[in-house]
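Coordinates in review
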Amino acid sequence: MSEGRGPLDRRAFLGALGAIPLAGALTGCGASDEPAGETVGGGGAESGPDPANEGASGRSPSDARVLPALGVQLYTLREAIAEDIDATLAAVAEIGYEEVELFQLHGLTPAEMRGKLDAVGLRAGSSHYDLNALREDLGRHVDGALEIGQRLMVVPSISGDERSPEGLARVAEDFNRIGEAVRGAGMRFGYHNHDWEFQRFDDGSMPMDILLDETDEALVDWQMDLFWTVHGGSDPLEQMSVRSGRVTSVHVKDRTAEGRMVDVGDGVIDFASLLVAAGAQGLLHAFVEHDTPGDAVESVRRSYQHLATLGVVG
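Parameters and conventions
- Residues numbered from 1 in each chain as written.
- Predicted model: local features only at pLDDT ≥ 70, side-chain atom pairs only at ≥ 80, totals over all residues.
- Heavy atoms only, no water.
- Helix = DSSP H or I, 4+ residues; strand = E, 2+ residues; numbered from the N terminus.
- Areas by Shrake-Rupley, 256 points an atom, 1.4 Å probe, with all protein chains shown as cover.
- Phe/Tyr/Trp six-rings, centres within 6.5 Å; stacked < 30°, edge-to-face > 60°.
- Lys NZ or Arg CZ within 6 Å of the ring centre and 35° of its normal.
- Salt bridge = Lys/Arg side-chain N within 4 Å of Asp/Glu carboxyl O.
- Buried < 20%, exposed > 50% of the residue type's maximum accessible area, 1.4 Å probe, protein only.
- Pairing = 2+ DSSP bridges.
- Core = buried A, V, L, I, M, F, W, Y, C linked by side-chain atoms within 4.5 Å.
- Contact = heavy atoms within 4.5 Å.
- pLDDT = per-residue confidence, 0-100.
- Axes fitted to C-alpha atoms, helices over the stretch in contact; angles between N-to-C directions.
- Arc of directions from axis to C-beta.
- Parallel < 35°, antiparallel > 145°, perpendicular 65-115°, else oblique.
- Left-handed = near helix turned anticlockwise from the far one by under 90°.
- Nonpolar A, V, L, I, M, F, W, Y, C, P; charged D, E, K, R; others polar.
- Right-handed = clockwise from strand over helix to strand, strands pointing away.

1. Things to note about the overall build of the protein
- Secondary structure assignment for the protein yields eleven helices and ten strands.
- Here the protein has roughly 11,900 Å² of accessible surface; of this, 47% comes from carbon and sulfur atoms.

Here it is as structure tokens:
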């Protein structure tokens, strides 16, 4: 991953980050860098809610401090899942999480995964999909997502050979096409960022701007990874303001002033301000994640407990 460059502009919302250069690349990879394994797919017919009715938060201003639900990206728990998926999902539910975000099916069919989640009272609000897999077999993956009961499908990364102004313009065309099909199936479609999307090209354009400006806001959402947005030198709160209504899901990941990824609450990102702002602008999903945790179950437990103290978890 590339290193973040330059200081943040708005200290008021990011605490100590405002005066500290964003330097120090991490050795850990995000969920998008994990080998794809089985991508979500298969047959099925159960549809999620109409995305046309889900574009706003659906909550009154007095409810803005409460997240619709708190979830966890299962990439954080990948090693525990490999040992015992049932016990891991049960532990996630016991902590208090209501949702998970998938990154693969771990050898299961969509129906089998849905059964395991149902057994412990969890739902899969979202899953990550390789872009080429959606280009090649979109219908199968949409059907699988519906069978699992998802509301959101997300592309977590873009290959290096497409990270140019021309390449991203072509990607944006594909995003619009995919987003239209996903919306037609009753779900939402989005893109998850890392840090490189905030580093300008030689012509002055910014990758994230290209992806959002060249896509239809009714078809393509932004899944904002709060850690990587900060690490890339950008201000999440400012981005949410500029792109009001586009950020319908976030990855809740904390960062030290020096740039290390840590459990939520152990860093300096002001999640209370960010999540309240996002909630007021239409946030539908929030997924805790840590790319390289020590004890993964304990990591997601500590992150949940910290968020609960902020009053943003219903």
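Following the structure, the description resumes.
2. A closer look at the packing of aromatic side chains
- Enumeration according to the criterion identifies six aromatic pairs in this entry.
- Following the ring pairs from residue to residue traces out a cluster consisting of F175, F189 and Y191.
- The ring of Y75 has R78 lying over it, and the distance from NZ or CZ to the ring centre is 3.8 Å.

3. A few points about the pattern of salt bridges
- Per the stated rule, a full pass over the model turns up 17 salt bridges.
- The closest approach of N and O atoms between R177 and D174, which form a salt bridge, is 3.9 Å. Of the two residues, R177 and D174 are both situated in helix α6 (residues 165–184); the distance of three residues between them amounts to about one turn of the helix.
- Linked by salt bridges that have partners in common, R135, E162, D174 and R177 make up one network.

4. Section: the pairing of strand β7 (residues 247–252)
- In terms of burial, β7 is largely enclosed, as six of its six residues are buried.
- Bridge analysis of strand β6 (residues 221–225) against β7 gives four bridges, and the strand direction is parallel. Bridging across to β7, M224 finds its partner in V250.
- Examined bridge by bridge, β7 and strand β10 (residues 285–288) share four bridges and lie parallel to one another. Residue pairing in the sheet places V250 in a bridge with A286 of β10.

5. Some details on the nonpolar core
- Core analysis: the biggest nonpolar cluster contains 76 residues, and F175 and L307 have the highest contact counts within it.
- Beyond its immediate chain neighbours, meaning those up to four positions away, F175 contacts L131, V155, I158, F189, Y191, L211, T215 and V220.

6. Thoughts on the confidence of the model for the protein
- Summing up the model confidence of the protein, the mean pLDDT is 84 and the portion of residues at 70 or higher is 79%.
- Confidence over residues 1–65 falls short of pLDDT 50; this stretch has 166 contacts with residues more than four positions distant or in other chains.

7. Quick notes on the sheet that holds strand β1 (residues 70–73)
- Read once around its circumference, the closed barrel built from eight strands follows the order β1-β2-β3-β4-β5-β6-β7-β10, with strand pairing classed as parallel. Taking each pair of neighbouring strands and ignoring which way they run, the sheet shows an average axis angle of 30 degrees.
- One ladder, built from three bridges, connects strand β3 (residues 123–128) with strand β4 (residues 152–155); its direction is parallel. Residue pairing for β4: H128 is matched across the bridge by V154.
- Across the sheet, helix α5 (residues 131–148) lies against β2 (99–102), β3, β4 and β5 (188–192), angled at about 155 degrees from β4, the strand it touches most.

8. Focus: helix α4 (residues 110–120)
- Turning to α4, its buried residues are P110, M113, R114 and L117. Taken down its axis, α4 places every buried residue within 100 degrees of arc, on the same side.
- Those residues of α4 that are buried lie in contact with α3 (85–95), β2, β3 and α5.
- Once α4 finishes, G121 follows within two positions and takes phi at roughly 80 degrees, a positive value.

9. Details of the environment of S303
- Checked against the element boundaries, S303 lands in helix α11 (residues 296–309).
- When the C-alpha positions of S303 and E289 are compared, they lie 8.8 Å apart, and in sequence the two are 14 residues distant.
- Discounting residues that sit within four places of it in the chain, S303 has contacts with Y97, D263, V264 and V288.

10. As for the packing of α3 against α11
- Contact geometry for α3 and α11: axes closest at 10 Å, N-to-C directions at 15 degrees. With respect to α11, the element α3 is oriented roughly parallel. Relative to α11, α3 is oriented so that their crossing is right-handed. Contacts between α3 and α11 involve A91, E94 and I95 on the former and, on the latter, V297, V300, R301 and Y304.

11. As for the packing of α5 against α6
- Viewed as axis vectors pointing N to C, α5 and α6 meet at an angle of 10 degrees, and their least axial separation amounts to 11 Å. The pairing of α5 with α6 is recorded here as roughly parallel in orientation. Packed against α5, whose contacting residues are L131, L134, R135, L138 and V142, the element α6 presents V171, D174, F175, R177, I178, A181 and V182 at the interface.
- For the contact of α5 with α6, the per-class residue count stands at nine nonpolar, no polar and three charged.

12. Notes on unusual backbone geometry
- Residues other than glycine seldom take positive phi values, yet H106 does so here, at roughly 55 degrees.
- Assignment of secondary structure puts H106 in the loop between β2 and α4.

13. Quick look at the pairing of β2
- Alternating positions in β2 separate into two faces, E99 and E101 on one and V100 and L102 on the other, with burial throughout.
- Across three bridges, the pairing between β1 and β2 is parallel. Paired with Q73 across the bridge in β2 is E101.
- Where β2 lies against β3, four bridges are found, and the strand directions are parallel. Residue pairing across strands places E101 opposite S126, the latter belonging to β3.
- A crossover connection joins β2 to the parallel β3 through α4; in handedness this β-α-β unit is right-handed.

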